[in-house]
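# A structural walkthrough
Listed below are the residues making up each chain.
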Amino acid sequence: MCCDVVAVSLEGLTLNSIVPNENPNTLYFIDENATAPAGIENCNIVNGSMAQNIAIKDGYPFMTPQSFTAQAISYERTFTKARREGIAENWSTIVLPFTPTTVSNNNLWIERFAQEVDGVVTFSEVNNMEANVPYIIAAKQDAIGTPITWSASNVLMKPEPIAYTSGDTYLMTGTFVGETVEEAYAVNAAGSVAKWGNAAVEPFRAYFTELEALENHTDIELPGEATTPSYLRGDVNGDGEVDVRDITALIDVIMNSITDNPRADVNEDGDIDVRDITALIDIIMNN
C-alpha cells in the first residue's frame, strides 16, 4: 500500500496481523466487535460505525467512504514560519473535517473569506472554526515549531463533505486529500497573495477558483500591508541587472550557506535554497 490509500476494509476477515499503510491517516474498518489485528492496533480503527480515537496528521490525505462516529478526533499541524502583525506574509490555508472544540495553542490568526467588494476578496477574523469551511491561517511567533492540535468529541464523520465558501466572483475550496489544480489561485511561497496558475495543493489546504472566467487574473491579496524590497528582485549580486551572473552569485550563496543576503531569497519564502534558483530562472526567462 502507498501513502495515497485513505481507507481499508477488513470487515468479515480474520487476520492475525497486518502491515500498516504508509499513510498515518488511513482508516481501517473492522467488524463491530472485532479486535484490531496486530500491527495496526495504534492506527485509526473504525469498529462498525464507531471509532474510539481518530488522529489526523497534516500533510497526508484523509477521507472516509462511509459514515461513522468518532468518540475522539484530532488534527495536528506544525507551523515553521511566523507572521508579523499587520504584514501580508506567511499566510497559509486550512480546512478541517470536523468542528474543533479545543486547540492546544491559540496564538494564531484565522480568517474567513467574508465577501467581495467590487470583485476584491475580503476576509474577516474568526474565533472558532467550523467543519468543512476553508480559512486562511498564520502563526504568531509563540506558535511555531511545536505541534498544534485541534480536537473534538463525538463527531459524526460523513463521506464526500462539501468544503467551500462562495462569493460572487470567487469560490474558496478546501481539500482533504490534496489536489493538483489548474487555472486556480493558490497561496504563494511567501504567504502574501493567492496567485493565478497551476499548483499542487496539499491536504487540509484551500485554493480559490473563478465562478466565471475573468479577463484579468489579479492576485488575491491576503490581509496586511505588502512588503516590497528596496532592491530589484532577482538582483542577487547587486549590480542593478537580473541576468545569468545572478544565478552564479546565488549558487555561491547557497553553497557557502550565506544567510545574511536578503537578495538571495528570490521567491521570498524566508529560506535560501534551490527553489530560489528556479524562481530566479523564471524571472530571467520572463524579462
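Look above for the structure.
Overview of the structure. (Residues numbered from 1 in each chain as written. Predicted model: local features only at pLDDT ≥ 70, side-chain atom pairs only at ≥ 80, totals over all residues. Heavy atoms only, no water.)

### Looking at the pairing of strand E2 (residues 27-30)
Taking every second residue as pointing to the same face, both faces of E2 are buried, with Leu27 and Phe29 on one and Tyr28 and Ile30 on the other. Both strand E1 (residues 7-9) and E2 contribute to a ladder of three bridges, which runs parallel. Note on E2: the bridge partner recorded for Val8 is Tyr28. Pairing between E2 and strand E3 (residues 44-47): four bridges, direction parallel. Directly across from Tyr28, in E3, lies its bridge partner Ile45. (Buried < 20%, exposed > 50% of the residue type's maximum accessible area, 1.4 Å probe, protein only. Helix = DSSP H or I, 4+ residues; strand = E, 2+ residues; numbered from the N terminus. Pairing = 2+ DSSP bridges.)

### Some words on unusual backbone geometry
Its identity is not glycine, yet Asn90 carries a phi of approximately 55 degrees, on the positive side. Counting through the fold element by element, Asn90 comes out in the loop between strand E6 (68-77) and strand E7 (92-94). One non-glycine residue, Glu183, adopts positive backbone phi at about 50 degrees. Within the fold, Glu183 resides in strand E15 (residues 179-187).

### Overview of helix H2 (residues 274-286)
Its 13 residues give H2 an end-to-end C-alpha distance of 19 Å, which sits within 8% of 18 Å, the value for a rise of 1.5 Å per residue. The inward-facing, buried residues of H2 abut helix H1 (244-255). (Expected span 1.5 Å × (residues − 1). Contact = heavy atoms within 4.5 Å.)

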